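In case you want the letters, here they are:
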Amino acid sequence: MDSSKFLLVALALGLMVSGILYNPVQNQLTLRDYNKLPRIYEYDEFNKCQSMFSDKFVYCVVSIKLHPNNSSMMWKYIEDLSSNRRNFPHDILERGLCLNNLETRKIDKPEMVSLVNGHFRKRIHDQFGLKSSTCIKFCWNKDVLLKKYGFGEIVFLCSAIVLLVIPILMTSRQLVFGSSGILVESFSIISNMRRLTMPRKNIQNDLLLLEGLRVIGMLTILTVHSVLPIIRLPLKNTEDLEWQTNHFIFPLLNSGNTHMIQFFFALGGMVFGLSICSNFDCYLGSFRIMFFLTKILRRLIRILPSYMFIIFYQATFYKRIKEGPLAIKFEDFCSENWWTNILFVNNYVDTSKPCLQYSWYLGVDFQLSLIATTLTSLMLKFHRRKHFIAVCMIISAFLIPAFVIYIENIEPTMTFNMRYALEELRTYKHFVKFYLPCQSNISSYFWGILVAFIYKRVLFIRFHCLQANYLFGGCLIALGFLNASTIILDDLEIGPIMRALYGSLLKNSWGLAFSFSFLYLAKNNNRTKIAKLLLHPVMQTIAKFCYSIYLVQYSVIYACYTNLKVPITYGKMHTITLIFAITIISTFAGILLFIAVEAPFSFLGITCLRLGFKGIKNGALDLHLKKL
């Protein structure tokens, strides 16, 4: 049987068994029952309120907590729904209120708070016979929307203008006088567009193949990230979303969403491994600090300039694009915690108040690269012990995730809880203790490195292609069964040892499956249609600015969502429209960031690094620097 069919068979069998054993949730109500309950979200039109009362408008978002009443049938329905972790908390309501309807124009005054509390207490009691308490989350008026520009915002605008003007000036100089100097070559739009579109020379097909895979992965992540914020939006039809989260297949989809990030860790490990293999023989028997430093410096030169620019934007100008009732749902803390990102510790420090929440991956990736560089340096120094180090990496790939799950006493994989989802998972223990840390993501990175070494015959040189194909098929079967079993285990209580064992095997199944699929494609890069697609020049061009797309996606996604008219109707067409709009905007913004920041500063930095070592003549080191 072809290896690609193993996963389908395994999934089919797993789903069949899971469908028989699974006991569906019984506390879902009919649509008629839903209509009797208080709507979770009710919002007055923000723009209508603003236009109706002009500069005298006041608009507040209010949270309402319903109090228990065991004698009320309405409360029993609410309590029953809220007890299911996959549902919205129906005992907490949210209202967007145009306060002029209450004949008040005051803001941040005790009498206004008292008036709002009284209004909603009476309204909830009259409609549903329940007591409640309220909390005003935020209010807007003319003064809030027309706030003056701060010092940081002015500096950012000036910096952005400079970064746009310099490429124009350098391009003009290049057109008039020709290429004349490092600054012109670095910042010229013509030069950077040439770098973007020209094919890469002296790059092996296997590395180009991985670049194509990076594009597929980036588009998948962008699609997923474009959909996830819908959960936190004020929806008219929350019951439709709840129906989906309570579907028996949902745990399997949630597992795929949770472990998709392992694709990038495995890919990063394989790229790292292949780059080491190209110079492996040059460094055998030696440990040179410059090998370590140049690897780290090159990575920092590539990722830091664009990263710092986006962080600067988030810390200053970002708040100006989210002015309205949804602004409070997409909080960002770059003005406070920017330094955790710059030091690449944002996956450990202040995780409940993240700056660019998606950027935790960059912290983990950088930390893993430090570990990998250290281990490969040891392999080079003690090359006769390289197999021993490789075996230690394999053992660590299984033991470390299991150890973290056992010690932290957490679930083997991320389970869906609506209350945590509404808070962007920032208070979810599994997310903080297992999903974000470097040590629990080490498996896939290690598998990527090891498979790259096997592919280049640096390790286990007697490992044949036939063995690789069988192992690939076995990994797909394990992946299918382990993930299909999440349907059964999602609501079951299992012991700590079994949780640790299952969680470790599940995470490793993704890393192994991704790594060996890369190996399979590399071995058959001239025979499969997928490989030919990945090697297409268009894919290689997109791959060059994938990192810029990754950086801008957070700002684009939240900018789109915070300016929607609420409440919205959750549906396929609305979701597809959002995904399409976010993808197009992120792509153009990514190209702009690449041309204005990433490409110029990368070229300038690498050139300066090369010139800094110009006087060093040290055999293999000099050869390595020329390849920078």
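Structural data are supplied above this passage.
The following paragraphs examine the structure supplied in this document. Because the structure is a prediction, the values reported are computed rather than measured.

Thoughts on the overall build of the protein chain
Along its length, the protein chain carries 29 helices and four strands. Counting the 628 residues in the protein chain, one finds 53% classified as buried. Long-range contacts, defined as pairs at least 24 residues apart, comprise 80% of the intrachain contacts of the protein chain with a sequence gap of at least 6. Accessible surface computed for the protein chain: about 29,400 Å², of which carbon and sulfur atoms make up 65%.

Topic: the state of the cysteines
The full count for this structure, using the stated rule, is three disulfides. With its sulfur 2.1 Å from that of its partner, Cys49 forms a disulfide with Cys98. Judged by the sign of its S-S torsion, about 75 degrees, the bond between Cys49 and Cys98 is right-handed. Of this pair, Cys49 sits in helix H3 (residues 46-53) while Cys98 sits in strand E3 (residues 92-98), and the two are 49 residues apart along the sequence. Paired through a disulfide, Cys60 and Cys139 show a sulfur-sulfur distance of 1.8 Å. In this structure, the disulfide formed by Cys60 and Cys139 twists by about 105 degrees around the S-S bond and is classed as right-handed. With Cys60 in strand E2 (residues 58-66) and Cys139 in strand E4 (residues 132-141), this pair connects stretches of sequence that are 79 residues apart.

Section: the packing of aromatic side chains
The description of an aromatic ring pair uses the distance of the two centres, along with the angle that the planes make with each other. Applying the stated criterion across every chain yields a total of 31 aromatic pairs. Where Phe263 meets Phe518, the ring centres are 5.6 Å apart and the plane angle is 85 degrees; that geometry is what we call edge-to-face. With Phe263 in helix H13 (residues 261-277) and Phe518 in helix H24 (residues 496-523), the pair connects residues that are 255 residues apart, well separated along the chain. Each member of the pair, Phe263 as well as Phe518, is classed as buried.

Topic: empty space enclosed by the protein
Counted under the stated rule, the structure contains six cavities of 30 Å³ or more. By volume, the largest cavity is sized at about 80 Å³. Along the walls of the largest cavity sit Asn346, Thr351, Pro354, Cys355, Leu356, Gln357, Ser359, Trp360, Phe431 and Leu436, which together make up its complete lining. Within this model, the second largest cavity holds a volume of roughly 50 Å³. Those elements that provide at least two residues to the lining of the second largest cavity are helix H12 (250-259) and helix H20 (429-435). Among the elements that make up the lining of the second largest cavity, the one with the highest residue count is H20 (three residues). Of the residues that constitute the lining of the second largest cavity, the class distribution is four nonpolar, five polar and one charged.

Regarding helix H21 (residues 442-455)
Taking 1.5 Å of rise per residue, the 14 residues of H21 would be expected to cover 20 Å, and the 20 Å separating its terminal C-alpha atoms lies within 8% of that figure. In terms of burial, H21 is a largely internal element, 14 of the 14 residues being buried. One or two residues past the end of H21 sits Arg457, with phi positive at roughly 60 degrees.

Quick look at unusual backbone geometry
The peptide bond linking Val566 to Pro567 adopts the cis configuration, its omega dihedral lying at -5 degrees. Inspection of the secondary structure assignment puts Pro567 in the loop between helix H27 (546-562) and helix H28 (572-612). Its identity as a non-glycine residue notwithstanding, Phe344 has a phi of 60 degrees, on the positive side. For Phe344, the location among the structural elements is in the loop between helix H16 (334-342) and helix H17 (360-381).

Points about the environment of Cys438
By the secondary structure assignment, Cys438 is in the loop between H20 and H21. In this structure the C-alpha to C-alpha distance between Cys438 and Ile371, which are 67 residues apart in sequence, comes to 9.9 Å. Not counting chain neighbours up to four residues away, the residues in contact with Cys438 comprise Asn347, Tyr348, Val364, Gln367, Leu368 and Ile371.

Observations concerning the packing of H21 against H24
In the contact formed by H21 and H24, the axes pass within 9 Å of each other and the chain directions differ by 30 degrees. Considering their axes alone, H21 and H24 lie roughly parallel with respect to each other. Note on packing geometry: the crossing formed by H21 with H24 is right-handed. Here H21 contributes Ser443, Ser444, Trp447, Gly448, Val451 and Tyr455 to the contact with H24, which in turn contributes Lys507, Asn508, Gly511, Leu512, Ser515, Phe516, Leu519, Ala522 and Lys523.

Digging into the sheet that holds E3
As summarised here, the arrangement of the four strands in space is E1-E3-E2-E4, forming an open sheet in which the pairing is mixed. Two strands close off the open sheet at either side, each with one partner strand: strand E1 (41-43) and E4. Within this sheet the neighbouring strands show an average axis-to-axis angle of 15 degrees, counted without direction. Against the sheet, H3 engages E2, E3 and E4, with an angle of about 140 degrees to E2.

What to know about a nonpolar patch on the surface
Together, Leu175, Val176, Phe177 and Ile190 make up a nonpolar patch on the protein surface, roughly 440 Å² of accessible area in all. It is helix H7 (residues 151-177) that provides the largest number of residues to the nonpolar patch, a total of three residues. When you line up the elements, Leu175 lands in helix H7.

Topic: the pairing of E2
Most of E2 sits inside the fold, with eight of its nine residues counted as buried. Two strands pair when backbone bridges link them, and E2 and E4 are joined in this way by nine bridges, in the antiparallel orientation. Within E4, the position partnered with Val61 by the bridge is Phe138.

A few points about the packing of H12 against H24
Between H12 and H24, the shortest axis-to-axis distance is 11 Å and the interhelical angle comes to 65 degrees. Classified by chirality, the crossing of H24 by H12 is right-handed. On H24, the residues that touch Ser255, Gly256 and His259 of H12 are Leu506, Lys507, Trp510 and Phe514. Of the residues in the contact of H12 with H24, the class split is three nonpolar, three polar and one charged.

Structural notes on the pattern of salt bridges
Side chains bearing opposite charge may pair, as long as their charged atoms lie close to each other. Counted under the stated rule, the structure contains 17 salt bridges. One salt bridge in this structure joins Lys65 and Asp91, with 2.7 Å as the shortest N-O distance. In this pair, Lys65 is assigned in strand E2 and Asp91 in the loop between helix H4 (73-82) and E3, connecting sequence segments 26 residues apart. A relative accessible area of 38% means that Lys65 is categorised as partly exposed. In this structure, the salt-bridge partner of Glu424 is Arg232, at a minimum N-O distance of 3.2 Å. Of this pair, Glu424 sits in the loop between helix H19 (418-422) and H20 while Arg232 is found in the loop between helix H10 (205-227) and helix H11 (238-245), placing the two residues 192 residues apart along the sequence. Since its relative accessible area comes to 8%, Glu424 is described here as buried. Connected through shared salt-bridge partners, Glu42, Arg95 and Arg123 make up one network.

Conventions we followed
Residues numbered from 1 in each chain as written. Predicted model: local features only at pLDDT ≥ 70, side-chain atom pairs only at ≥ 80, totals over all residues. Heavy atoms only, no water. Helix = DSSP H or I, 4+ residues; strand = E, 2+ residues; numbered from the N terminus. Buried < 20%, exposed > 50% of the residue type's maximum accessible area, 1.4 Å probe, protein only. Contact = heavy atoms within 4.5 Å. Areas by Shrake-Rupley, 256 points an atom, 1.4 Å probe, with all protein chains shown as cover. Disulfide = S-S within 2.5 Å. Phe/Tyr/Trp six-rings, centres within 6.5 Å; stacked < 30°, edge-to-face > 60°. 1 Å grid on protein atoms, 1.4 Å probe; cavity = no way out; pocket = protein on both sides within 12 Å on 5 of 7 lines; lining within 4 Å. Points joined across faces, edges and corners; volume = space filled by probe spheres on them. Nonpolar A, V, L, I, M, F, W, Y, C, P; charged D, E, K, R; others polar. Expected span 1.5 Å × (residues − 1). Axes fitted to C-alpha atoms, helices over the stretch in contact; angles between N-to-C directions. Parallel < 35°, antiparallel > 145°, perpendicular 65-115°, else oblique. Left-handed = near helix turned anticlockwise from the far one by under 90°. Pairing = 2+ DSSP bridges. Patch = residues over 30% accessible without salt bridge, like charges linked within 9 Å, V, L, I, M, F, W, Y side chains within 5 Å. Salt bridge = Lys/Arg side-chain N within 4 Å of Asp/Glu carboxyl O.

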